[in-house]
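These are the residues of each chain, in order.
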Amino acid sequence: MKCFEKWRYCIFCVLAWCGVSTPSTGLAESAASAWERDPLLPLVVAQDRAWRPFSFLSDEDEPHGLLIELWQEIAAEMGRPVEFHLVDWPESIQSVAEGRADVHGGLFYSDHRAEFLLFGDNILTLSAYLFVPSGSNLTGFENLRAVKIGVTEGSYEMEYVQRHYPDQPIEIYPSNEEVVMAALSGEVAAYVADYPVSMYLLDRYGHPSDFHPLLQLYTHYLRPGVGTENAALLDEINRAMSTIDPELISRLSHRWLRSELVVEVVPPWFRAMLVVTLLLMLLAAYTLFLSRKRREIQDLVSTQKQVLREKEDLFQSLVENANDIIYIISADAKIEYLSGEWAETTGYTIEEGVGQPFAKFVHADDLPFLYECHQRTLNGERLSGIAFRLIDSKGMARDMIANESSVLDARGEVSYYMGIARDITERKRIEAEMAHRQTLLEDAKIKLEREISERSRVARDLEAAQACVARALEDEQKVTVAQKQFIRIVTHEFRTPLAVIQSLADLLELDISNDADIRQKHVIRLRAAVQRMADLLNKALEQERIENASWRAHAAWFNIDTLLRELAGEAELLSGGSRHFHVQAESRRIQADRELLSICINNLLDNAVKFSPEQSDILLSAYLDVQGYICISVTDQGQGVAERDRARIFGKYYRCDPELNPGLGLGLYLVDQIIRLHGGEVSVCNKEAAGACFTLKLPV
């Protein structure tokens, strides 16, 4: 236990103090009873979530820090699993008081907290300081009345400043991390924080020499805290703490605090105290009262000296164990001090370095630059990121990076400057290797992209070729199907007229009748059969012409009403007067292929005669619609076109009822193709109290 207490005194830790309102105890009582029922429940430890290096959440939201590992060891001694509840500071205390956590990882004792918490044995001693910029002329709070200093919200530091320095303006931040970052950015002139946390954050976000502790404000013990119903748990924790191995604690301390830069200063009030001591010594000869005071002051000075020696020893220990070279250079460019890392990095002993010109250990090519930096530092500049090469005892160059700042003597003149240098040789080697690998990756990427591009082009060409072959095969299949269909239809349609011709020829050859009327009928039937075959051939030839024609090569201007009247007259003659044709057309000139348009209208007239009863009326009309198109319509008084046939009636070789309607099925197909060649369209509908109405729509 004594070793454990000694370790507590030697390690700097930090934990800000925050006050909370008195919570209810219902959850705490429930948690206490649960612990009594099941002694193997996990130990839930509450702590601050952003308190480097003692407790914080990593980038992967995992708990880390010195206190985290310490409580893992305590829980192991207790034989319990452990869980961490890392939240903002006020909530960490509230969670213990309300029973959401079993124990607080460490906080200061106060009368207010004692109302709802039980406190365990001492863990660590923590000291808070007033930190000011290095090289400033500030001596205490009396120089800061006109500016704001940074404190953490709800912390013990904030309460201490408000209680002891009520006139001091403060700027409140959510965490120690934001306080230090605000000081580094110049938002506040100084700040109050626990020593180890401040130095850790300075090293993380700036440099440990950017600020230094000017005034120690207080030192308190850090203690675990449990709910008032958890006295048994607190006894178990105290027993476990007393069994922790000091060597294990030393390793934890070295792991988390080895990279901190510790800078201690003699408190300004110490000099004033010495002056007061001298005055008291002068007055001691005149009065016994002053003699007694002198003895008291001497005792106080002795105590302070002892504290100062202990702190100096601690400072020296931290400096000597730092992973960076800490050095002091005089105005004449000679080395006055070197930390222990010098020997580890260069292979030279400290005695071989101290007193020598720093140029002796620097690469010759870097000397002009370092002499310039040396002069700038002596002129009062603070330099950071100085890169140079240090020659070690084996003659090898080691890459270094350093920060430097000057130190003023009593007259305000620069007498020397101090700096801290870090060996980055391995880091630069890794960076160079990564850059080389990145170059190789980029080259491989470019090569792969080119190969992918070439393969994509070949794939596209292949797809295009496959598409062309597929289209050619499809077109060939369509042609084959059309040819077979055409041959089947022609064979079927030609069979009937050929049979008629053959039978009539046989009758004429036999001359079975001398009756002139009968012969005339045979001749008429023979001519009709021949005409039917001629019509079939003409339509087949017209189809070929339409599918390969360019109608504009034969376009001409003509009157549409004249054409309609001519075609109506021819149709009436061909029908033998069995149908009555009427024309209603405006006198209007249009530009079109007159021959193709005549074929188109004749096909519509043939259909009208074929599908309308004898002595019925067939109407031809031409007019200009509201859209400015010439519309030509043929209306009969037949049965009309069934709804199911309207979408397919203009297809090639399509016939509504092949058994009842002989033909090739090309008439309406030719109508559609001719109108399309003219840039128009054809439609069909059934008129009320009439038959089918076919309408040709042509652009003017």
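Here the structure is a predicted model, which is why all the values come from computation and not from measurement.

Visitor: Kindly report on the overall build of the chain, identifying the contributing residues and their values.
Guide: If you tally the helices and strands in the chain, you get 21 helices and 24 strands. Contacts spanning at least 24 positions in sequence make up 67% of the contacts within the chain whose residues lie at least 6 apart. On the chain, roughly 37,700 Å² of surface is accessible, and the fraction owed to carbon and sulfur atoms is 53%.

Visitor: Got a sec to walk through helix H6 (residues 156-164)? Specific residues and values, please.
Guide: By the burial criterion, the buried members of H6 are Tyr-156, Glu-157, Met-158, Tyr-160 and Val-161. Packed against the buried residues of H6 are strand S8 (124-133), strand S9 (149-152), strand S10 (170-173), helix H7 (176-185), strand S11 (190-194) and strand S12 (211-227).

Visitor: So, the packing of aromatic side chains: which residues are in play, and what are the values?
Guide: Enumeration according to the criterion identifies 16 aromatic pairs in this entry. Within the aromatic cluster, the residues linked to one another by ring pairs are Tyr-129, Phe-131, Tyr-191, Tyr-195 and Phe-211. The ring of Phe-558 has Arg-594 lying over it, and the distance from NZ or CZ to the ring centre is 5.6 Å. If you follow Lys-697 out to its NZ or CZ, it ends over the ring of Tyr-629, 5.0 Å from the centre.

Visitor: Let's hear about the packing of helix H3 (residues 66-78) against helix H9 (residues 231-242): which residues, and what values?
Guide: Running from N to C, H3 and H9 point in directions that differ by 105°, and their axes come no closer than 9 Å. By the angle between their directions, the pair H3 and H9 is classed as roughly perpendicular. On the side of H3, the interface is formed by Trp-71, Ile-74, Glu-77 and Met-78, while H9 contributes Leu-233, Glu-236, Ile-237, Ala-240 and Met-241. Classifying every residue of the contact of H3 with H9 gives seven nonpolar, no polar and two charged.

Visitor: Pulling in residues and values, what's your account of the sheet that holds strand S2 (residues 50-51)?
Guide: Taken together, three strands build an open sheet; the order of strands is S2-S3-S4 and the sheet is antiparallel. Edge positions in the sheet fall to S2 and strand S4 (63-64), since each has one partner strand and no second. Where strand S3 (residues 55-57) meets S4, two bridges bridge the pair, whose relative direction is antiparallel. The partner of Leu-57 across the bridge, within S4, is Pro-63.

Visitor: Let's hear about the pairing of strand S17 (residues 414-423): which residues, and what values?
Guide: Pairing between strand S13 (residues 325-330) and S17: six bridges, direction antiparallel. Across the sheet, residue Tyr-327 finds its bridge partner in S17, namely Gly-419. One ladder, built from nine bridges, connects strand S16 (residues 397-408) with S17; its direction is antiparallel. Each residue of the ladder has a partner; that of Val-407, found in S17, is Tyr-416.

Visitor: So what about the confidence of the model for the chain? Which residues, and what values?
Guide: This prediction gives the chain a mean pLDDT of 79; 75% of its residues lie at or above 70. Predicted confidence for residues 1-28 stays below pLDDT 50, and this span has 104 contacts to residues more than four positions away or in other chains. In this model residues 549-553 is a low-confidence stretch, pLDDT under 50, and it forms seven contacts with partners more than four residues away in sequence or in other chains.

Visitor: Go over empty space enclosed by the protein, please, and point to the residues and values.
Guide: Enumeration according to the criterion identifies one cavity of 30 Å³ or more in this entry. Empty space within the largest cavity amounts to approximately 250 Å³. Taken together, 18 residues line the largest cavity, and the ones lying closest to its centre are Tyr-327, Ile-329, Phe-358, Val-362 and Phe-388. Where the lining of the largest cavity is concerned, the elements lending two or more residues are S13, strand S14 (335-338), helix H15 (367-378), strand S15 (383-391) and S17. Residue composition of the lining of the largest cavity, grouped by class: 16 nonpolar, one polar and one charged.

Visitor: Kindly report on the environment of Ser-155, identifying the contributing residues and their values.
Guide: Structurally, Ser-155 is set in the loop between S9 and H6. Through-space distance from the C-alpha of Ser-155 to that of Pro-174 is 9.6 Å; in sequence the pair is 19 residues apart. From its side chain, Ser-155 meets the backbone oxygen of Thr-152 in a polar contact 2.7 Å long. At 3.2 Å, the side chain of Ser-155 forms a polar contact with the backbone nitrogen of Met-158.

Definitions and cut-offs
- Residues numbered from 1 in each chain as written.
- Predicted model: local features only at pLDDT ≥ 70, side-chain atom pairs only at ≥ 80, totals over all residues.
- Heavy atoms only, no water.
- Helix = DSSP H or I, 4+ residues; strand = E, 2+ residues; numbered from the N terminus.
- Contact = heavy atoms within 4.5 Å.
- Areas by Shrake-Rupley, 256 points an atom, 1.4 Å probe, with all protein chains shown as cover.
- Buried < 20%, exposed > 50% of the residue type's maximum accessible area, 1.4 Å probe, protein only.
- Phe/Tyr/Trp six-rings, centres within 6.5 Å; stacked < 30°, edge-to-face > 60°.
- Lys NZ or Arg CZ within 6 Å of the ring centre and 35° of its normal.
- Axes fitted to C-alpha atoms, helices over the stretch in contact; angles between N-to-C directions.
- Parallel < 35°, antiparallel > 145°, perpendicular 65-115°, else oblique.
- Nonpolar A, V, L, I, M, F, W, Y, C, P; charged D, E, K, R; others polar.
- Pairing = 2+ DSSP bridges.
- pLDDT = per-residue confidence, 0-100.
- 1 Å grid on protein atoms, 1.4 Å probe; cavity = no way out; pocket = protein on both sides within 12 Å on 5 of 7 lines; lining within 4 Å.
- Points joined across faces, edges and corners; volume = space filled by probe spheres on them.
- Polar contact = N/O pair within 3.5 Å; in protein donor to acceptor, adjacent residues only side chain to side chain.

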